Amino acid sequence: MSKSYKIAIIPGDGTGPEVTREATKILNVAADKYGFTLDMHEYDFGGDRFLRTGEVIPQSALEEMRKFNSILLGAIGHPDVKPGILEKGILLYLRFELDQYINLRPVILYPGVETPLKDKGPEDIDYVVVRENSGDLYTGTGGISMKGTPNEVAVQSSVYNRFQVDRCLRYAFQYARKRNKRKTLALCGKTNVLTYIYDLWERAFEEIGEKEFPDINREYYHVDATCMWMVKNPEWFDVIVTGNMFGDIITDLGAITQGGMGIAAGGNINPNGVSMFEPIGGSAPKYTGKNIINPLASVCASMMMLETLGEDQAAKTIEKAVKEVTANKLKGLGAGKMGYSTSEVGDIISEIVAS
Ligand code: IPM
Ligand code: MN
């Protein structure tokens, strides 16, 4: 009997449904070719549902999510919904409830893609950021007092325990080992100022690295310097590991160096549970329904999903097809600038994958 995976599809808002349609089309072609099946169930979480029902994600749906092998997310964010509601209610909620404690964000420049980095090419921009995804400023620890008065106080704390740090570091070390490129893990922190949080990270990094991963080189960069080197010498990096907030920031920088939101993808990973893959760009409301948005980031997200499911060959075939398209077909990556429509790009990749 062929393998079958249960996949939850959350197309979400704006252009999310358009890009997700292309990704699932390609996923099905790859599944046919490599002899597995994808049993996809679609969920309508997003701004429209929220405006209609006042509900973001029903409790019962969360329980359903736990039974899937994986989740593919389109985009979250609606112009008529106050910022924060959907992001917290859907994206962060699923990340936390499903304990997707790793946010894996490859920064890879594909052939033919323009980078704003002068004199850099695909051989220079090829690394992965392992962003911790369960702690830090994202835990919502803190509060506001004396609100509305001149003495109002706001506190929001970065929170980490050793367990969270250890499991993230182990994942990153293992990733560097499996990737087998430069066998180097760089910790990105701020030990000169955040002398509690990144002291914890640094001690754990050294201890775990020395004891369990002597084959992996260890480097350390402050976060501000990391940004500088990501622009000036991206070829130095192999795998970067960092906390949630720094990881959020540096991966937008990484994304723009690899061609922007049209291509950047990420995975919210629970290595022992249900992971969720997403293009890291937003819902791009102004392009909605025009069939001009670039679906590649969603395609790359689905490729990461296959990799995590263990369908390596299918994932590799999709990656090869994406490279062929960026190298030889697309004029650009921006919406309306590809020289093809959203669905045409999906069709071209499907054909290459099938062949
Ligand atoms: C990301 C996004 C989210 C984050 C927002 C939308 C909550 O910026 O996935 O990087 O901050 O993690
Ligand atoms: Mn972000």
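All of these numbers come straight from a predicted model, not from anything done at the bench.

A. Up close: the side chain of E278. By the element assignment, E278 lies in strand 12 (residues 275-279). A polar contact is formed between the side chain of E278 and the side chain of R95, at a distance of 3.0 Å. Setting aside anything within four residues of it in sequence, one finds E278 in contact with L73, L91, R95, R105, A265, G266, N268 and A301.

B. Fine view of the site of ligand 1. Neighbouring ligand 1 are E87, L91, R95, R105, R131, Y138 and D248. One of the side-chain N or O atoms of R95 is found 2.7 Å from an oxygen atom in ligand 1. A distance of 2.8 Å separates an oxygen atom of ligand 1 from a polar side-chain atom of R105. At 3 residues, the largest contribution of residues to the shell around ligand 1 is made by helix 4 (residues 85-97). Of the residues assigned to the shell around ligand 1, the class counts are 2 nonpolar, no polar and 5 charged. Each of domain 1 (1-114 + 264-355) and domain 2 (121-258) contributes no fewer than three residues to the shell around ligand 1.

C. Spatial organisation of the domain arrangement of the chain. Its domain assignment divides the chain into domain 1 (1-114 + 264-355) and domain 2 (121-258). When each unit is reduced to the centre of its C-alpha atoms, the spacing between domain 1 and domain 2 is 24 Å. Residue-level contacts link 22 residues of domain 1 with 23 residues of domain 2. Taken over both partners, the interface formed by domain 1 and domain 2 buries close to 2,200 Å², and the fraction arising from carbon and sulfur atoms is 58%. On the domain 1 side of the interface with domain 2, the three residues burying the most area are Y101, V107 and L109, jointly 32% of the side's total. In this structure, the connection of domain 1 to domain 2 is made through 1 salt bridge. Here D99 makes a salt bridge to R167, at a shortest N to O gap of 2.9 Å. At the boundary of domain 1 and domain 2, one finds 11 residue pairs in polar contact (both at pLDDT 80 or more). At the level of elements, helix 4, strand 4 (102-108) and strand 11 (265-269) are the ones that each hand at least two residues to the side of domain 1 that touches domain 2.

D. Summary view of the sheet that holds strand 12. With mixed pairing, 10 strands are arranged side by side in an open sheet as 2-1-3-12-11-4-5-10-8-9. Looking at the sheet topology across the chains shown, the edges are occupied by strand 2 (36-42) and strand 9 (217-222). The sheet shows a mean angle of 25 degrees between the axes of neighbouring strands, direction not considered.

E. Looking closely at the side chain of K190. Topologically, K190 is positioned in the loop between strand 8 (184-189) and helix 6 (197-212). Side-chain polar atoms of K190 contact the side chain of D224, separated by 2.9 Å. Residue contacts for K190: discarding those within four places in its chain leaves Y198, Y220, H222, V223, D224 and F246.

About the thresholds
- In every chain, residue numbers begin from 1 and rise along the written sequence.
- Chains carry letters from A onward and ligands carry numbers from 1 onward, assigned in written order.
- pLDDT decides what is reported in this predicted model: residues at 70 or higher carry local features, side-chain atom pairs at 80 or more are listed and counted, and totals for whole chains, interfaces and linings draw on all residues regardless.
- The side-chain numbers reported here are obtained from all heavy atoms of the structure, hydrogens and water having been left aside.
- We count a stretch as a helix when DSSP gives it H or I for four or more residues in a row; a strand needs E for two or more, and each element gets its number in order from the N terminus.
- Polar contacts here mean pairs of N or O atoms no more than 3.5 Å apart (in protein, one a potential hydrogen donor and the other a potential acceptor; neighbouring residues in sequence count only if both atoms are side-chain atoms).
- What makes two residues a contact is simply this: any of their non-hydrogen atoms within 4.5 Å.
- Nearness is judged by heavy atoms alone; a residue qualifies as near a molecule or strand once a single heavy atom is within 4 Å of it.
- Note on residue categories: nonpolar means Ala, Val, Leu, Ile, Met, Phe, Trp, Tyr, Cys or Pro, charged means Asp, Glu, Lys or Arg, and polar means any other residue, Gly included.
- Segmentation into domains, and thus their bounds, comes from an automatic or database assignment.
- In short, buried area is how much 1.4 Å probe accessible area vanishes from two parts on joining, totalled over both.
- For this document, the term salt bridge refers to a Lys or Arg side-chain nitrogen within 4 Å of an Asp or Glu carboxyl oxygen.
- Two strands qualify as a pair provided that DSSP identifies no fewer than 2 bridges between them.
- Angles run from 0 to 180 degrees between N-to-C directions of axes, and those axes are lines fitted to C-alpha atoms, restricted for helices to the stretch in contact.

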